[in-house]
Amino acid sequence: AMCQKAAVKHPTSQMPPCDFNPDSYQGMSKERLLEIRKQNCHPMTMKVTYYRQPVFIHQGYMQWLWDVDGRRYLDLFAGVATVSVGHCHPRVSEAAVKQLQHLWHTTAIYIHPQIQEYAAKLVSLLPEPLKVVYLTNSGSEANDLAMLMARLHTGNFDVITLRGSYHGGSPQTMGLTSNAAYKYPVASGFGCHNTLCPDVFRGVWGGSHCRDSPVQSIRECSCSPGHCQANDRYIEQLKEMFATSVPHRIAAFFAEPIQGVGGAVQYPKNFLKDTYKLVREKGGICIADEVQTGFGRTGSHFWGFQGHDVIPDVVTMAKGIANGFPMGAVVTTEEIASSFVKGVHFNTFGGNPVACAIASSVLDTIAEDRSQEICDRVGTYLLTELAKLRDKYEIIGDVRGKGLQIGVEMVKDKVSREPLHSEAMADIFEDTKDMGVLIGKGGIYGQTFRIQPPMCITKDDADFFLTVFEQAVQNFMNRR
């Protein structure tokens, strides 16, 4: 162990400066915090705790986090892709305080300005005919509601998702989610089916021109320009699924424009367009889960689905919608919304005045700070530089994504594409943290590092991360 520790090297570049001074932590000791976490918080809290030596977070500002000892970290995971414009962004914080001093809570049984103001602002950013807004408290809740709306509107029951997807952890959305790590041995998600994910790196079919990304897969193909054989094969598989696994009429198809928890998996360029056509022929509606890809994160477009040249029938969103404040939304058409008024749908906290004020400020801030442009510029730079590391190191199998929705898939070797084992992933993950950068993990086998930072990072931040990550990879290779 001492030899291993001595072998660890630290990055040559310095962490970019920050002119914010955090408060000194005056709370419980780390030992007491961990004791309470183990004894009084539910067991899942410890199960999902990152790192062998956990990080005890005290304060945040923009792309930075500080632990209780005053150590600063570059946050490239944003509370699981949730802090969109930056931790405690001054403009958003000011909007929250102003609303808290005016009205904390009332429900939709009264007319208060915040719901209407936010709904109008949100739909102005969506294409026709997506103009009707339902406000919720989370992405799981939004997807649960969207599934109910689809079944009521179509009169059909069956819903299709892609393998590796994550759409929530409620009893209903657990059926939509297609990843064993998030499943329990109980009846859930009746009528939910999954089909093969068109992953052009790890999937059955792939190629080197498939993705809408600055970086393509290393897999070779013989496709002619403008044609993707992998897409054709995945669509054929979907047609077979329609012929064998579901009724002739279905309720809906759910998909993330780029898979989040699944590890920033991207599909062939025309896959969603072709799939939407087939789904609608089967009587279903198409639902875009924008919980992680929305609000400019992909850089080229404000919504991930726009990069696929499609218009869904329903869009669900959460996470970055309110910069970390609990909120979600479903946006749909007037026609689908009219099918939902047969009963009474009421949400106590959906459309809360504080949530709406914060979310409204987030939209203003994205525009004023040009966050989408930052995602495009810095994200493209990160992707192209990470691709150079992929070409240099055998264990970096794939680099993919758009904007600041990035995945780095780790493998034992590029020929087999077998996932790098969990202990090796943990070593690199821990080293990256110890050198001052926080990233995420995902993928069906936990083999993909996820980079989804606040949308305010700089090229200097990106360079620091690249130096740290390469050093962490080198440290692992040296130990191996």
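Here's what I pulled together on the structure shown here. (Residues numbered from 1 in each chain as written. Predicted model: local features only at pLDDT ≥ 70, side-chain atom pairs only at ≥ 80, totals over all residues. Heavy atoms only, no water.)

### Comments concerning the overall build of the protein chain
Helix and strand content of the protein chain: 15 helices and 15 strands. Taking 2.2 N^0.38 as the reference for a compact globule, 480 residues should give roughly 23 Å; the C-alpha atoms of the protein chain span a radius of gyration of 22 Å, in line with that estimate. Counting only C-alpha atoms and orienting by the principal axes, one finds that the protein chain spans roughly 65 × 60 × 45 Å. A buried classification covers 55% of the 480 residues belonging to the protein chain. (Helix = DSSP H or I, 4+ residues; strand = E, 2+ residues; numbered from the N terminus. Rg over C-alpha atoms; globule rule 2.2 N^0.38 Å. Buried < 20%, exposed > 50% of the residue type's maximum accessible area, 1.4 Å probe, protein only.)

### Side note on a nonpolar patch on the surface
A cluster of nonpolar side chains, namely M44, V48, Y184 and V186, defines an oily patch on the protein surface of about 390 Å² accessible area. Within the secondary structure, V186 sits in the loop between α8 (173-176) and β6 (192-195). A residue is classified by how much of its surface remains accessible, and V186, at 53% relative accessible area, is exposed. (Patch = residues over 30% accessible without salt bridge, like charges linked within 9 Å, V, L, I, M, F, W, Y side chains within 5 Å. Areas by Shrake-Rupley, 256 points an atom, 1.4 Å probe, with all protein chains shown as cover. Salt bridge = Lys/Arg side-chain N within 4 Å of Asp/Glu carboxyl O.)

### Considering helix α12 (residues 353-368)
Spanning 16 residues, α12 covers 22 Å between terminal C-alpha atoms, matching the ideal 22 Å at 1.5 Å per step. With 13 of 16 residues buried, α12 is to be regarded as a mostly interior element. With a side-chain oxygen lying 2.8 Å from the backbone nitrogen of V354, the N-terminal cap of α12 falls on N352. Of the residues one or two after α12, R370 is the one with positive phi, at around 55 degrees. (Expected span 1.5 Å × (residues − 1). Polar contact = N/O pair within 3.5 Å; in protein donor to acceptor, adjacent residues only side chain to side chain.)

### Observations concerning the sheet that holds strand β3 (residues 72-75)
Sheet architecture is open: four strands sit in the order β1-β2-β3-β13, paired in mixed fashion. Both outer strands of the open sheet, β1 (57-61) and β13 (437-438), are each paired with one neighbouring strand and no more. Pairing analysis gives two bridges linking β3 to β13, with the strands arranged parallel. Residue pairing across strands places D75 opposite L438, the latter belonging to β13. (Pairing = 2+ DSSP bridges.)

### Digging into the pairing of β1
Residues in a regular strand project their side chains so that they alternate between the two faces of the sheet. Alignment of β1 against strand β2 (residues 64-67), held across four bridges, turns out to be antiparallel. Directly across from Q59, in β2, lies its bridge partner W66. Connecting β1 to the antiparallel partner β2 that follows it, the hairpin turn spans two residues, and M62 within it adopts a positive phi of roughly 55 degrees.

### Brief notes about the packing of aromatic side chains
Per the counting criterion, the structure on display carries 17 aromatic pairs. Summarising the aromatic geometry, the rings of F429 and F449 are spaced 6.2 Å apart at their centres and angled 15 degrees between planes, so their arrangement reads as stacked. In this pair, F429 is assigned in helix α14 (residues 422-434) and F449 in strand β15 (residues 448-451), connecting sequence segments 20 residues apart. Through a chain of ring-to-ring contacts, the aromatic side chains of Y50, Y51, F77, F429, F449, F465 and F469 assemble into a single cluster. The ring of F157 has R151 lying over it, and the distance from NZ or CZ to the ring centre is 3.8 Å. (Phe/Tyr/Trp six-rings, centres within 6.5 Å; stacked < 30°, edge-to-face > 60°. Lys NZ or Arg CZ within 6 Å of the ring centre and 35° of its normal.)

### Details of empty space enclosed by the protein
Evaluated as defined, the whole model comprises two cavities of 30 Å³ or more. Roughly 90 Å³ of volume is contained in the largest cavity. Classifying every residue of the lining of the largest cavity by side-chain character gives four nonpolar, five polar and two charged. For the second largest cavity, the calculated volume is near 40 Å³. For the lining of the second largest cavity, the residue count by class is four nonpolar, four polar and two charged. (1 Å grid on protein atoms, 1.4 Å probe; cavity = no way out; pocket = protein on both sides within 12 Å on 5 of 7 lines; lining within 4 Å. Points joined across faces, edges and corners; volume = space filled by probe spheres on them. Nonpolar A, V, L, I, M, F, W, Y, C, P; charged D, E, K, R; others polar.)

### Observations regarding the packing of helix α13 (residues 371-392) against helix α15 (residues 459-479)
Orientation of α13 relative to α15, taken along the N-to-C sense of each, is 20 degrees, at an axis distance of 10 Å. As the angle between them shows, α13 and α15 are arranged roughly parallel. Classified by chirality, the crossing of α15 by α13 is right-handed. Judged by residue contacts, V378, Y381, L382, E385, L386, L389 and K392 of α13 engage K459, A462, D463, F465, L466, F469, E470 and Q474 from α15. (Axes fitted to C-alpha atoms, helices over the stretch in contact; angles between N-to-C directions. Parallel < 35°, antiparallel > 145°, perpendicular 65-115°, else oblique. Left-handed = near helix turned anticlockwise from the far one by under 90°. Contact = heavy atoms within 4.5 Å.)

Spatial relationships are all this shows, so hold off on functional conclusions.
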